[in-house]
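# Overview (structure and organization)
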Amino acid sequence: MKDDGQFFDKSMLFNKSMEYETVELDDEDGSIIIIDQTLLPGKMELIRLRTAQEIWDAIYLLRVRGAPAIGVTAAFGIYLLAKGTDADHYESFYREFVKQKDYLNSARPTAVNLSWALERMEKVCRENKGCGIDEIKRALKQEALAIKEEDIWVCKTIGEYGLSLVKPGDGILTHCNAGQLATSKYGTATAPIYLGQERGYHFRVFADETRPLLQGARLTAYELQAAGVDVTLICDNMSAMVMKNGWINAVFVGCDRVALNGDTANKIGTSLVAIAAKRHNIPFYVCAPTSTIDRNTKTGGDIHIEQRPEEEVTSMWYKERMAPEGVKVYNPAFDVTDHDLITAVVTEYGIARAPYERAFQEIFEKKERE
Ligand code: MRU
């Protein structure tokens, strides 16, 4: 059933929302169905994306967001765009494919999953060069669906590894939304929390609100509450205090790109949380699918940090503008947490600890073996 365009009022919202997939392909209709995350938690609306422009806008405007979910959307998107071309020769089909791929890839620069998923899709085109165009289109669909299916397994497995790092009753702090809404299921940083919830761990979770776009307040607090998790919302500048109060046993965050030396880019404010955690001797875990480890990026200094419009800081989400007109604004969407602040990087192929370059090498070897 594809009941896009359907709205749910607030009383129905908590039970309804997580029944829906973050990103879904409706091949028959030629569209991608997403939950418009800019409307949460007040309104739950499913929307359809059909054109390249609609897909690009949805990613840029954060209607769909979170590194893995962006990757899945891009994979479905490039498949649908390729399916829609009437090119009957490989050369013209491939030329058009690359043009659309580059366009989608330009929507957001920091989350490597976007280019990772598009590269995977392009590889399918190249590997099937000798086949007919219809065959390539079929293979592209299979690959896009596989990217989504894998994401579910990856998140669940990260959850199992993450759960092994904490104990029942622990206090967990998280930043931004690396939850179900950022992935196909479970989330990355929230996966240990969801698995713990299923197994009666009774975690006490603290969710940073995450200025300026409030992914923690609007999305993490919302989805954890919907799942019955004990979640407390705090402003970003309160994390050091809850740590000092002794309420936090571990921090779990997601990430958008991991460099080979273990530096990780994640939502702006993550590095401050890591610094506070270090001061309070609290383990700081980064949950990262191997698709988020960028073997072409040596250190955090090489990561392109997305800069976003100043309205996100001065007026968005507020009834009226809350900063003086004309004030200068600096609005990076992500920051880099240095590897020496990170206790471990939790992947679907195991837990990596410093020195990271070697640990990631072992993780990738294991991935290739299995
Ligand atoms: O700008 P966003 O909302 O896309 O940022 C999302 C994050 O920073 C997440 O922590 C990250 O993408 C990991 S999602 C599993």
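Below is a short write-up of the structure. (Residues numbered from 1 in each chain as written. Predicted model: local features only at pLDDT ≥ 70, side-chain atom pairs only at ≥ 80, totals over all residues. Heavy atoms only, no water.)

### A look at the site of the ligand
We count it as follows: Nearness is judged by heavy atoms alone; a residue qualifies as near a molecule or strand once a single heavy atom is within 4 Å of it. We call two N or O atoms a polar contact when they sit within 3.5 Å, provided that within protein one can donate a hydrogen and the other can accept it, with sequence-adjacent residues counted only if both atoms are side-chain atoms. What sets the accessible areas is the Shrake-Rupley method with a 1.4 Å probe; for residues, cover comes only from the shown protein chains. Buriedness for pockets is judged along seven lines, at least five of which must meet protein on both sides within 12 Å for an open set on the 1 Å grid over protein atoms alone, while cavities are sets there where a 1.4 Å probe fits but cannot get out, and lining residues have an atom within 4 Å of a point. Each molecule is checked against the cavity or pocket grid, and it sits inside if more than half of its atoms lie within 2 Å of the grid points. In this text, helices come from DSSP runs of H or I with a minimum length of four residues, and strands from runs of E with a minimum of two, each type numbered from the N-terminal end. Residues were grouped as follows: Ala, Val, Leu, Ile, Met, Phe, Trp, Tyr, Cys and Pro as nonpolar; Asp, Glu, Lys and Arg as charged; and all remaining residues, including Gly, as polar.
Neighbouring residues of the ligand: 18 residues in total, closest Arg65, Ala67, Arg108, Asn266 and Lys267. Separating an oxygen atom of the ligand from a backbone N or O atom of Gly66 is a distance of 3.1 Å. One of the side-chain nitrogen or oxygen atoms of Arg108 is found 2.8 Å away from an oxygen atom of the ligand. In isolation the ligand has 420 Å² of accessible area, and contact with the protein removes 100% of it. Taking a 2 Å distance to the grid points as the criterion, the majority of the atoms of the ligand fall inside the largest cavity. Contributions of two or more residues to the shell around the ligand are made by α3 (67-83) and β9 (264-267). For the shell around the ligand, the residue count by class is eight nonpolar, six polar and four charged.

### Considering the side chain of Thr188
To keep it simple, the criterion reads: We call a residue buried when its accessible area falls under 20% of the maximum for its residue type, exposed when it is over 50%, and partly exposed in between, using a 1.4 Å probe and counting protein chains only. By definition, residues are in contact when any of their heavy atoms lie within 4.5 Å.
By the element assignment, Thr188 lies in the loop between β4 (171-174) and α7 (191-198). For Thr188, a relative accessible area of 5% corresponds to the buried category. In this structure Thr188 touches Cys155, Ile158, Ala178, Thr183, Gly254, Cys287 and Pro289, once residues within four positions along its chain are discounted.

### Overview of the layout of surface pockets
Empty space among the atoms becomes visible once a probe the size of a water molecule is rolled across them. Put simply, the rule is: Grid points are joined across faces, edges and corners, and a volume is the space filled by probe spheres set on the points.
By volume, the largest pocket is sized at about 310 Å³. Around the largest pocket, the lining is made up of 13 residues, and of these Trp116, Thr290, Ile293, Arg295 and Phe364 lie nearest the centre. Within the residue set of the lining of the largest pocket, elements represented by two or more residues are α5 (112-127) and α12 (356-369). Each residue belonging to the lining of the largest pocket can be placed in one class, and the counts come to four nonpolar, four polar and five charged.

### Examining the sheet that holds strand β13 (residues 350-352)
Applied cut-off: We call two strands paired when DSSP finds no fewer than two bridges between them. A fitted line through C-alpha atoms represents every axis, and for helices the fit uses only the stretch in contact; the resulting angles, taken between N-to-C directions, go from 0 to 180 degrees.
Read across the sheet, seven strands follow the order β6-β5-β4-β7-β10-β12-β13 without closing on themselves; strand pairing throughout is mixed. Lying at the two open borders of the sheet, with one neighbouring strand each, are β6 (230-234) and β13. Averaged over all pairs of adjacent strands, the angle between their axes in this sheet comes to 25°, without regard to strand direction. Pairing analysis gives three bridges linking strand β7 (residues 250-253) to strand β10 (residues 284-287), with the strands arranged parallel.

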